[in-house]
Amino acid sequence: MRLQLRALASPREKPREKILEIAGVHKIFHGNGNFLHVLEGIDFRAEKGELICIVGRSGCGKSTLLKIVAGFMPPSSGKVLLRSRSVEGPGPERCVIFQEDALFPWLTVQENIAFGLKWKGRDKQARVEEVERFLGLVGLNEFRDYLPGEISGGMKQRVALARVLILKPEVLLMDEPFASLDAQSREEMQNLLLSLWQELGHTILFVTHDVNEAVILADKILLMSKNPGRIREEIRVDLPRPRSRDSSAFLHFSRRLREALRA
Amino acid sequence: MTGHEMDIRHGGAWRLLPGVIPALFILAWIVVSAASLIPTYLLPHPLEIAKSGYTYILGQSGEGPYAGRFLIDSGQSLLRVGCGFAAAVAFGLPLGIVSGRLPVVQRLMSTTVNALRAVPGITWLPLAMVWFGIGVRTTVFLVALAAFFPVYLNAAAGARQVNPVLLQAGAMMGVRRVRGTFAILLPGAMPHLMTGLRLGLGISWAYLVLGELTGVSNGLGAVIMDARMLGRIDMIVVGIIIIAVIGRLSDSLLQAGMRFFFKSARRMA
């Protein structure tokens, strides 16, 4: 039974290659003579096209871990390797969807999506077509001329998705991107993310504290504990896709994960 | 905005609203003059002011002491304000942006700037006259000095409050340093930059008059000073009104220009 589910779980069966490796990452924050061991010995790897959810309670260092992978802060020790090359600083091959609204408020939806491409020196026609395509992919054609201040939280996160997907990142880093949305928008965004992921095949690291979200999305869940933050358990999610939020298998899995989180 | 407010904002009354206070003021002035409540050597009748203004602006030179001098006076004054304000922006804006982003620069500058800022601009006047003599350079110096502070301080505040996440987002999309400064930092700081520029331009006019009161031969401030010595109170009032009008227009022009050239000014400030 388990084997069968596993097979169903990867409809895009293809040889998996290792793309991202986190090797022995520690992070220690210093302040007033004190120090705080935020991350201790984080080790894991992501295969190409894998969707990994990092789940843990607040304060377990999961956002810090994401920032280190993004290159916004260096690890105290250890390495982040993308295709075996050490990550130094942020770059368009590792794009972040922030938890908060990080769109440029003076640019329209369309201009926000075009922002990263604008500097890439592609010819204008190709750029316009790309923007057109990604506007369509996130379903914002009719809102292209709106400013971020004029659209809902869910739409803003769609724009945030489109503006990085258009850069063809190898890894997508998502830091509780749907946490501030209402339940319905959150579900919509999860579905949108899944369909984009299935279409475009990105590798995704998705940080969340929402167990259901992790079970709906993930190929693999990294369960983190805190003080110091470390990976307590690596859980494969063998549920077939598309997953239903009220199937007994889903509920069962969520319950198990919730218990594990509490332990 | 409610629908009701929308209606109000699109009516002709809305457009006339800014003129209400000036109109009431002139009306009161006419009444006061007509009733001879204040002697005319203290406050001339508005009609007389209008006549003097007309001669000043459109008269042929030679008709009277001030006839037809408007163009050369206002041209000179505009030039002085322009030079002084431009210098203030050229120094204040980049310095402000840098000090808003780099704590080292901020700390380096803070005591000096705040100490200098505490010195009233007028106290520089004697020193400036010794340094630059009477004339254009003193005026430009005073204008530049006075306008520097609001431009600098607001640019610093604006650069400081730009959401760091926007800069991170730019960095991850490959836009940082010089590009990031122009594509993210400046637009992000735009509302503050606008405030600084407008305050700076406003204060430029104030210090222009101060500089021109010192005995230069032309300029709007010079006319006012000259008129005071000749007892032409009507010309003092004409000068005041012209400065008010040009000041107001230059502010509108500044805003319109910024909105024309910058999306961020159009959409955020």
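Structure report, in brief.

The rules behind each value
- Residues numbered from 1 in each chain as written.
- Chains lettered and ligands numbered in written order.
- Predicted model: local features only at pLDDT ≥ 70, side-chain atom pairs only at ≥ 80, totals over all residues.
- Helix = DSSP H or I, 4+ residues; strand = E, 2+ residues; numbered from the N terminus.
- Buried ≥ 20, exposed ≤ 12 C-beta atoms within 10 Å, placed from the backbone.
- Contact = placed C-beta atoms within 7 Å.
- Pairing = 2+ DSSP bridges.
- Axes fitted to C-alpha atoms, helices over the stretch in contact; angles between N-to-C directions.
- Nonpolar A, V, L, I, M, F, W, Y, C, P; charged D, E, K, R; others polar.
- Parallel < 35°, antiparallel > 145°, perpendicular 65-115°, else oblique.
- Expected span 1.5 Å × (residues − 1).
- Core = buried A, V, L, I, M, F, W, Y, C linked by C-beta atoms within 7 Å.

1. With respect to the overall build of chain B
1) Next: Regarding its fold elements, chain B presents 13 helices and zero strands.
2) Next: Element order for chain B, N to C, with α for helix and β for strand: α-α-α-α-α-α-α-α-α-α-α-α-α.
3) Next: Counting only C-alpha atoms and orienting by the principal axes, one finds that chain B spans roughly 70 × 60 × 30 Å.
4) Next: Relative to its full complement of 269 residues, chain B shows a buried share of 36%.
5) Next: Of the contacts formed within chain B by residues at least 6 apart in sequence, a portion of 69% connects residues at least 24 apart.

2. What about the sheet that holds strand 6 (residues 94-97) of chain A?
All names here are of chain A.
1) Next: As summarised here, the arrangement of the six strands in space is 6-7-8-3-9-10, forming an open sheet in which the pairing is mixed. The open sheet is flanked by strand 6 and strand 10 (230-236), the only strands paired with a single partner. On average, each strand axis in the sheet is tilted by 20° relative to the strand beside it, whichever way the strands run.
2) Next: The sheet contact formed by strand 9 (residues 220-225) and strand 10 spans six bridges and is antiparallel. Bridged to K220 within strand 10 is R236.
3) Next: In the packing of helix 5 (residues 153-165) onto the sheet, contacts are made with strand 6 and strand 7 (171-175), and the angle to strand 6 comes to roughly 175°.

3. Things to note about the interface of chain B and chain A
1) Next: Each partner contributes residues to the interface: chain B has 17 residues there, and chain A has 18 residues.
2) Next: Those elements that provide at least two residues to the side of chain B that touches chain A are helix 9 (164-172), helix 10 (177-212) and helix 13 (263-268) of chain B.
3) Next: If one sorts the elements of the side of chain B that touches chain A by residue count, helix 9 of chain B sits on top with six residues.
4) Next: Counted by class, the side of chain B that touches chain A contains eleven nonpolar, three polar and three charged residues.

4. A short note on unusual backbone geometry
Residue and element names in this part refer to chain A.
1) Next: Along the chain, N227 connects to P228 via a cis peptide bond; the corresponding omega equals -10°.
2) Next: Inspection of the secondary structure assignment puts P228 in the loop between strand 9 and strand 10.
3) Next: At N32, a position not held by glycine, the phi torsion is positive, near 45°.
4) Next: Mapped onto the fold, N32 is located in the loop between strand 1 (18-31) and strand 2 (34-47).
5) Next: Classification of N32 as exposed rests on a count of 5 C-beta atoms within 10 Å.
6) Next: Phi angles above zero are rare outside glycine, and R83 is one such case at about 50°.
7) Next: For R83, the position within the fold is in the loop between strand 4 (77-82) and strand 5 (85-86).

5. Things to note about the packing of helix 4 (residues 46-58) of chain B against helix 12 (residues 233-261) of chain B
Residues and elements named next belong to chain B.
1) Next: Here helix 4 crosses helix 12 at 70°, and the two axes come no closer than 9 Å. When the interaxial angle is binned, helix 4 and helix 12 end up roughly perpendicular. Residues E48, I49, S52, G53 and Y56 of helix 4 form the contact with helix 12, whose own contacting residues are D234, M235, V237 and V238.
2) Next: A per-class count over the contact of helix 4 with helix 12 returns five nonpolar, two polar and two charged.

6. Some thoughts on the sheet that holds strand 5 of chain A
Residues and elements named next belong to chain A.
1) Next: Taking strand neighbours across the sheet as the criterion, the four strands line up as 2-1-4-5 in an open arrangement whose pairing is antiparallel. The sheet is open, and its two borders are formed by strand 2 and strand 5, each paired with just one other strand.
2) Next: Both strand 1 and strand 2 contribute to a ladder of ten bridges, which runs antiparallel. Considered in strand 2, the bridge of K18 is made with E47.

7. What about helix 5 of chain A?
Residue and element names in this part refer to chain A.
1) Next: Given a rise of 1.5 Å per residue, 13 residues ought to cover 18 Å, and the 18 Å separating the end C-alpha atoms of helix 5 matches this to within 8%.
2) Next: For helix 5, a buried count of eleven out of 13 residues is recorded, marking the element as mostly surrounded by other parts of the structure.
3) Next: Those residues of helix 5 that sit buried are M155, K156, Q157, R158, V159, A160, L161, A162, R163, V164 and L165.
4) Next: Considering only its buried residues, helix 5 is in contact with strand 6, helix 3 (109-118), helix 4 (124-137), strand 7 and helix 6 (183-200).

8. Describing the nonpolar core
1) Next: Residues I52(A), L173(A), L205(A) and V143(B) are the most contacted members of the largest nonpolar core, which totals 135 residues.
2) Next: Here this core gets 15 residues from one element, more than from any other, and that element is helix 8 (residues 136-161) of chain B.
3) Next: When residues no more than four places from it in sequence are discounted, the contact partners of L205(A) are A46(A), I52(A), I54(A), L66(A), V69(A), V171(A), L173(A) and M174(A).

9. Overview of helix 4 of chain A
Residues lying three or four places apart along an α-helix face the same way, a consequence of the helix completing one turn every 3.6 residues.
1) Next: The end-to-end C-alpha distance of helix 4 of chain A, which contains 14 residues, comes to 20 Å, matching closely the 20 Å that a straight helix rising 1.5 Å per residue would cover.
2) Next: Buried residues in helix 4 of chain A make contact with helix 3 and helix 5 of chain A.

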